[in-house]
Amino acid sequence: MPITSGSWPVKTVLITGGTKGIGLACGLAFAKLGAVCVLTNKWGSANESEIYAEFARTGAPRPLIVEADVAVPEQTLTLMDNLHSRFDEIDVFICNVALAQNVAGLTDYQRRGFLKSIEYSAWPLIDYTLAIGDKFGKYPRYVIGVSSLGPDHFLPNYDFAAASKACLETLAKYLHARLCGDDVRVNILRTGMVLTDSLLASFGSASIKNMQESIPDLFLPAEDIAKAAVGLCSGWMDAVGGQIITVDKGSSFNLASAVVNRSQNNKERT
Amino acid sequence: MERARIVVAVKANIESCTGIKDVDPAKSLKDYGVSSLDMVEIVSKTMRELKVKVPRSQLMKAKTLDGLIDIIRESALAAAKPL
């Protein structure tokens, strides 16, 4: 049965890295069901008027776009003050933002870059969830961290990003264990490849082209991730907690066969 | 936007983000130990100060301070162009 706005339990959604890619798709998906979305960003290169127009086209409530760097505690406090003055509670928190140092080789293994990658890509799950609890006196009912295939698969330049995602996934399980008694569900969406600015900045266009040719099924639209996020917060999946849910159309299980097929095709060509 | 203004802002942000002073504009930023993550921090600070928007995908093209300044300047000029 499709979810309708009439039966929808979610009123307010906070999404970090919410003005582009997966974050924006999640915002649109929740907003179409009537939720007010708070979309944060650090980079600030998104065209805000286009985002407002996109929400308006679907008849969704106008989102609140806020510049807030997840790695700056003062900005987190200011954001929470801002939200508390507007909303009674935050029903859903989606920890989507990820920013990690690219690693092209061993000389890029630097402690500072590694720790900063964790600070940007894993710690906000804890920091924002606790900050919401402190400010509103209540944690979000649903907390979702957005991860990737990186922890289990080699991806170019991705060492620190993958380590950050592994950290995010582990923290999500522990956070769920600590908060499940408070009617909170913390889960991870481990996503296949979604073509975003962030993906391009991490891998570069040549690597992405190579991956698209080798394993086209690994790529999926951001809207597919957003639907999974909505599903997790629909009330129908409230028994799911502390889980890592892979959203990749099953393609990562077939990685080995894709490589074999490609090498066979190459042999036939030569 | 004047190039000199961008140079001052970027140099100040390189120093505040990484502690590196007196960057040679023609030398590779990577040789100074500036990582991709440092670049994001330097440019996002600069964007905020100068009220310029630079697409993140452009950052990979910047190898030197001169190159980075060119990218920021081009973004500022493109935004200033009448439609």
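The preceding data block contains the structure.
Below is a short write-up of the structure.

Calculation notes
- Residues numbered from 1 in each chain as written.
- Chains lettered and ligands numbered in written order.
- Predicted model: local features only at pLDDT ≥ 70, side-chain atom pairs only at ≥ 80, totals over all residues.
- Heavy atoms only, no water.
- Helix = DSSP H or I, 4+ residues; strand = E, 2+ residues; numbered from the N terminus.
- Rg over C-alpha atoms; globule rule 2.2 N^0.38 Å.
- Contact = heavy atoms within 4.5 Å.
- Areas by Shrake-Rupley, 256 points an atom, 1.4 Å probe, with all protein chains shown as cover.
- Lys, Arg positive; Asp, Glu negative; His and termini not counted.
- Charge placed at Lys NZ, Arg CZ, Asp CG, Glu CD.
- Buried < 20%, exposed > 50% of the residue type's maximum accessible area, 1.4 Å probe, protein only.
- Salt bridge = Lys/Arg side-chain N within 4 Å of Asp/Glu carboxyl O.
- Nonpolar A, V, L, I, M, F, W, Y, C, P; charged D, E, K, R; others polar.
- Pairing = 2+ DSSP bridges.
- Axes fitted to C-alpha atoms, helices over the stretch in contact; angles between N-to-C directions.
- Phe/Tyr/Trp six-rings, centres within 6.5 Å; stacked < 30°, edge-to-face > 60°.

## Some remarks on the overall build of chain A
Right, so step 1: The helix and strand tally for chain A stands at 10 helices and 7 strands.
Right, so step 2: Relative to a compact globule of 270 residues, whose C-alpha radius of gyration would be 18 Å, chain A shows 19 Å and is just as compact.
Right, so step 3: Principal axes of the C-alpha set define a box for chain A whose edges measure 65 × 45 × 40 Å.
Right, so step 4: Of the contacts made within chain A by residues no fewer than 6 positions apart, 74% connect residues no fewer than 24 positions apart.
Right, so step 5: Of the roughly 12600 Å² of accessible surface on chain A, a fraction of 54% belongs to carbon and sulfur atoms.
Right, so step 6: Across chain A, the 24 positively charged side chains and the 27 negatively charged ones have centroids separated by 3 Å.

## What to know about the overall build of chain B
Right, so step 1: Along its length, chain B carries 3 helices and 0 strands.
Right, so step 2: Reading the helices (α) and strands (β) of chain B from amino to carboxyl end gives α-α-α.
Right, so step 3: Scaling as 2.2 N^0.38, a compact globule of 83 residues should have a C-alpha radius of gyration of about 12 Å, and chain B matches this with 12 Å.
Right, so step 4: Dimensions of chain B along its principal axes, counting C-alpha atoms only, are 40 × 25 × 20 Å.
Right, so step 5: When each of the 83 residues of chain B is scored for burial, the buried share is 45%.
Right, so step 6: In chain B, the share of contacts with a sequence separation of at least 24, taken over all contacts with a separation of at least 6, comes to 63%.
Right, so step 7: Here chain B has roughly 4500 Å² of accessible surface; of this, 55% comes from carbon and sulfur atoms.
Right, so step 8: Taking the average place of the 15 positive charges on the side chains of chain B and the average place of its 11 negative ones, the gap between the two points comes to 6 Å.

## Concerning the interface of chain B and chain A
It is common to report an interface's size as the accessible area lost on association of the parts.
Right, so step 1: The interface is formed by 21 residues belonging to chain B together with 22 residues belonging to chain A.
Right, so step 2: Counting across the interface, chain B meets chain A through 4 salt bridges.
Right, so step 3: Of all the secondary-structure elements, those providing two or more residues to the side of chain B that touches chain A are α1 (3-18) and α2 (36-50) of chain B.
Right, so step 4: It is α2 of chain B that provides the largest number of residues to the side of chain B that touches chain A, a total of 9 residues.
Right, so step 5: Looking at side-chain class alone, the side of chain B that touches chain A contains 9 nonpolar, 6 polar and 6 charged residues.

## Side note on the environment of Val97 of chain A
Residue and element names in this part refer to chain A.
Right, so step 1: Within the element layout of this structure, Val97 appears in the loop between β4 (92-95) and α4 (111-121).
Right, so step 2: Assessed through its relative accessible area of 19%, Val97 is described here as buried.
Right, so step 3: Each C-alpha atom of the pair Val97 and Asn41 lies 8.2 Å from the other, and the pair is 56 residues apart in sequence.

## Remarks on the sheet that holds strand β5 (residues 142-148) of chain A
Residue and element names in this part refer to chain A.
Right, so step 1: Pairing is parallel in the open sheet, where 7 strands are placed in the order β3-β2-β1-β4-β5-β6-β7. Both outer strands of the open sheet, β3 (64-67) and β7 (244-247), are each paired with one neighbouring strand and no more. If you compare each strand with its neighbour and ignore which way they point, the axes differ by 20° on average.
Right, so step 2: In this structure, β5 lies alongside strand β6 (residues 185-191), joined through 7 bridges in parallel fashion.

## Digging into unusual backbone geometry
Right, so step 1: Of note in the backbone geometry, Asp183 of chain A takes a positive phi value of approximately 65° without being a glycine.
Right, so step 2: If you trace the backbone, Asp183 of chain A turns up in the loop between α6 (159-179) and β6.
Right, so step 3: Overall, Asp183 of chain A belongs to the partly exposed group, its relative accessible area being 39%.
Right, so step 4: The phi dihedral of Asp22 of chain B falls on the positive side, at around 50°, and the residue is not glycine.
Right, so step 5: Turning to its location among the elements, Asp22 of chain B is positioned in the loop between α1 and α2.

## Considerations on the packing of aromatic side chains
All names here are of chain A.
Right, so step 1: The tally for this structure, following the rule as stated, stands at 4 aromatic pairs over all chains.
Right, so step 2: Considering the side-chain rings of Phe93 and Tyr128, the 5.5 Å spacing of their centres and the 25° angle between planes classify their relative orientation as stacked. Taken together, the residues span a long stretch of sequence, with Phe93 in strand β4 and Tyr128 in helix α5 (residues 123-136) at a distance of 35 residues. We note that Phe93, like Tyr128, is buried.

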